[in-house]
Amino acid sequence: MNATSAAVTAAVTFVWLGMVLAISFLEAPLKFRAPGVTVPIGLGIGRVVFRALNRVESVLAAAAIVAVAVGGPPVSVGVLTAVAALLLAVQLLVIRPRLNRRSDRVLAGETLPRSRAHHVYVATESAKILALLALGVNALIA
């Protein structure tokens, strides 16, 4: 992999990783512990924050894909890029729509049990974190 592509891939990947860690595993759970934040308020904030995060993630994923595509990467970098992008796509196209439909119902006043889709999202987010970490490291050593 050429040095410029490797550097861009690593930088983009670690920015993406940092954003996911900060939002998904720090901001998201903490907002519900703040005084006065009800479930509907937390869901409303979460929808706005995750919509913004996912837009930025999509741009970062595209940048990583381009950097890898032009860089002549080793197989490990190509595979890890594809895995991270695929996990993001699953979140955006499969899991998030289900969570949005559920949060619409909660925001409309329904009381619902915890969603398994939320657990699937967290599991997918965890897998994406591992893929991004491995991608960043592999890009650095490529």
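Calculation rules
- Think of each chain on its own: its residues are numbered from 1, step by step along the sequence as written.
- The model is predicted, so local features are restricted to residues of pLDDT at least 70 and side-chain atom pairs to those at 80 or more, both for listing and for counting; the totals for chains, interfaces and linings are taken over all residues.
- Excluded from the side-chain calculation are hydrogens and water; included are all heavy atoms of the structure.
- As used in this record, nonpolar core signifies buried Ala, Val, Leu, Ile, Met, Phe, Trp, Tyr and Cys residues forming a set joined through side-chain atoms within 4.5 Å.
- Exposed residues in this analysis have more than 50% of their type's maximum accessible area, buried residues have under 20%, and partly exposed residues fall in between, with area computed by a 1.4 Å probe over protein chains only.
- Each helix is a run of DSSP H or I of at least 4 residues and each strand a run of E of at least 2, with the numbering of both proceeding from the N terminus.
- Contacts are assigned to residue pairs with any non-hydrogen atoms lying within 4.5 Å of each other.
- In this scheme, patches are assembled from residues that exceed 30% relative accessible area and form no salt bridge. Like charges are connected within 9 Å, while nonpolar side chains (Val, Leu, Ile, Met, Phe, Trp, Tyr) are connected within 5 Å.
- Using the Shrake-Rupley algorithm and a 1.4 Å probe, accessible areas are obtained, with residue cover drawn only from the displayed protein chains.
- Salt bridges, as used here, are contacts in which a Lys or Arg side-chain nitrogen is within 4 Å of a carboxyl oxygen on Asp or Glu.
- The length a helix should cover is 1.5 Å for every residue beyond the first.
- The bend reported for a residue corresponds to the angle between axes fitted to the seven residues ending at that residue and the seven starting there.

*Asks:* Honestly, the nonpolar core in this entry has me stumped. Any pointers?
*Replies:* Most often, soluble globular proteins have nonpolar side chains that are buried together. Judged by nonpolar contacts, Val12, Trp16, Leu17, Val20, Leu60, Ala61, Ala64, Ala84, Leu88, Ile129, Ala131 and Leu132 together constitute the single largest core of 12 residues. Secondary-structure elements contributing two or more residues to this core are helix H1 (3-31), helix H2 (39-71), helix H3 (75-107) and helix H4 (116-141). For this core, the element with the highest residue contribution is H1, accounting for 4 residues. With sequence-adjacent residues up to four places away left out, leucine 132 is seen in contact with Thr13, Trp16, Leu17 and Ala84. Judged by nonpolar contacts, the second largest core, of 7 residues, contains Phe50, Leu53, Leu99 and Ala117.

*Asks:* Any chance you could explain a nonpolar patch on the surface here in plain terms?
*Replies:* Nonpolar side chains collect at one region of the surface, where Phe14, Leu133, Val137, Leu140 and Ile141 lie side by side and expose about 480 Å² of accessible area between them. Checked against the element boundaries, isoleucine 141 lands in helix H4.

*Asks:* Just checking my understanding: could you explain H3 for this structure?
*Replies:* One full turn of an α-helix is made of 3.6 residues, so residues set three or four places apart face in the same direction. With 33 residues, H3 extends 45 Å from end C-alpha to end C-alpha; this agrees with the ideal 48 Å at 1.5 Å per step. Isoleucine 95 marks the point of greatest bend in H3, at about 40°, and the proline proline 97 comes within the next four residues. Trailing H3 by a residue or two, glycine 109 shows a phi angle of about 110°, which is positive.

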